[in-house]
Amino acid sequence: SQQGEEDPQALSIQEGENATMNCSYKTSINNLQWYRQNSGRGLVHLILIRSNEREKHSGRLRVTLDTSKKSSSLLITASRAADTASYFCATDAWGNNDMRFGAGTRLTVKP
Amino acid sequence: DAGVTQSPTHLIKTRGQQVTLRCSPKSGHDTVSWYQQALGQGPQFIFQYYEEEERQRGNFPDRFSGHQFPNYSSELNVNALLLGDSALYLCASSSLRTEYEQYFGPGTRLTVT
């Protein structure tokens, strides 16, 4: 069963704008990760944030984690057409080796 | 440094048949996980292998089985295929050092007719 839910399901923006995607989950987690997937191909790891961290940056990506609300957000700044993809959050819990994925947000960046 | 590789890329099978998918982990990784991704959905965890043993299993029937070899590569076997088994099958590798950071292969697209 899927752990998280991404919101919105689909997002369409113009190149240069910022894109924000949200992820909510149900149970306590150890880590939360964001992945990108292009056109039904393999997933590319973007960023991992641990449960004791609140914010993390990687290039144009900014991830926040609020464990009290069981939610995370992914911000992509100055978006490019190449950022067009599906974005998934995935969580893992203490003592569990499986990752639970949400259904993803489909981001379209128009040139 | 080769990443995670999977074979074949695409596969078409008939209901009732059996299929074997293969995965080679990223160099230095010793743990392999398998996921099933239906169209428009997120990946669903099937199972994970470490030291040639199934370490954890998701909510999949026994028709789904796997194996890990001494060189850490892995196979996913599915017996008695159903139409609903049509999906993208993803393999991910990791190590104790990277622990929860999993690296995914390009996937095998299985179509059951």
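Placed above this text is the structure.
Residues numbered from 1 in each chain as written. Chains lettered and ligands numbered in written order. Predicted model: local features only at pLDDT ≥ 70, side-chain atom pairs only at ≥ 80, totals over all residues. Heavy atoms only, no water.

**Q** Hey, could you run me through the nonpolar core in this one?
**A** Note that soluble globular proteins tend to have their nonpolar side chains buried in a common cluster. By size, the foremost hydrophobic cluster in this structure holds 21 residues, and its most contacted members are A:L32, A:W34, A:L74, A:I76, A:Y87 and A:L107. Breaking this core down by element, the ones donating at least two residues are β3 (19-24), β4 (31-37), β5 (43-50), β7 (61-66), β8 (71-76), β9 (85-92) and β11 (105-110) of chain A. When neighbours within four sequence positions are excluded, A:L32 is seen to be in contact with A:C23, A:Y25, A:I47, A:L48, A:I49, A:L65, A:S72, A:C89, A:A90 and A:T91. Counting 19 residues, the second-largest nonpolar core is a separate cluster that includes B:F64, B:Y89, B:L110 and B:V112. (Core = buried A, V, L, I, M, F, W, Y, C linked by side-chain atoms within 4.5 Å. Buried < 20%, exposed > 50% of the residue type's maximum accessible area, 1.4 Å probe, protein only. Helix = DSSP H or I, 4+ residues; strand = E, 2+ residues; numbered from the N terminus. Contact = heavy atoms within 4.5 Å.)

**Q** It is not clear to me how the pairing of strand β5 (residues 44-50) of chain B should be interpreted in this structure. Could you clarify?
**A** Note on strand geometry: in a regular strand, side chains alternate between the two faces of the sheet. Residues and elements named next belong to chain B. Within β5, six of the seven residues are buried, leaving the element largely enclosed by the surrounding structure. Here strand β4 (residues 31-37) runs beside β5; their pairing, made up of six bridges, is antiparallel. Paired with V32 across the two strands is Y49, which belongs to β5. Hairpin connection between β4 and β5: a loop of six residues separates the two successive antiparallel strands, and G40 in this loop has a positive phi of roughly 80 degrees. Bridge count between β5 and strand β6 (residues 53-57): four bridges; the pairing is antiparallel. Looking across to β6, one finds that Q48 is bridged to Q56. (Pairing = 2+ DSSP bridges.)

**Q** Teacher, can you tell me more about the interface of chain A and chain B here?
**A** The partner chain B presents 20 residues to the 23 residues of chain A that form the contact. Where chain A packs against chain B, one counts four residue pairs in polar contact (both at pLDDT 80 or more). Of all the secondary structure elements, the ones that give two or more residues to the side of chain A that touches chain B are β4, β5 and β9 of chain A. Looking at which element gives the most residues to the side of chain A that touches chain B, the answer is β4(A), with four residues. (Polar contact = N/O pair within 3.5 Å; in protein donor to acceptor, adjacent residues only side chain to side chain.)

**Q** When you look at the pattern of salt bridges in this model, what are you seeing that I'm missing?
**A** Pairing is possible between side chains that carry opposite charge, provided their charged atoms lie close to one another. With the rule as written, the count across this model stands at seven salt bridges over all chains. The residue A:K56 makes a salt bridge to A:E53 at a minimum N-O spacing of 3.8 Å. In this structure A:K56 comes out as partly exposed when scored by relative accessible area, which is 27%. A salt bridge links B:E75 to B:R22; the shortest N-O distance between them is 3.4 Å. (Salt bridge = Lys/Arg side-chain N within 4 Å of Asp/Glu carboxyl O.)

**Q** Can you help me understand the state of the cysteines in this one?
**A** As used here, a disulfide is simply a covalent bond connecting the sulfur atoms of two cysteines. Scanning the entire structure with this criterion turns up two disulfides over all chains. The disulfide partner of A:C23 is A:C89, and the S-S distance across this bridge is 2.0 Å. When the S-S torsion is 65 degrees, as for the bridge of A:C23 with A:C89, the disulfide is right-handed. Here the residue A:C23 occupies a position in strand β3, and A:C89 occupies one in strand β9, the gap between them amounting to 66 residues. Pair check on accessibility: A:C23 and A:C89 agree, each one buried. Paired through a disulfide, B:C23 and B:C91 show a sulfur-sulfur distance of 1.7 Å. The sign of the S-S torsion, about -55 degrees, decides the handedness of the disulfide formed by B:C23 and B:C91: left-handed. Of the two residues, B:C23 is situated in strand β3 (residues 19-24) and B:C91 in strand β9 (residues 87-94); the sequence distance between them amounts to 68 residues. An identical accessibility class is assigned to B:C23 and B:C91; each is buried. (Disulfide = S-S within 2.5 Å.)

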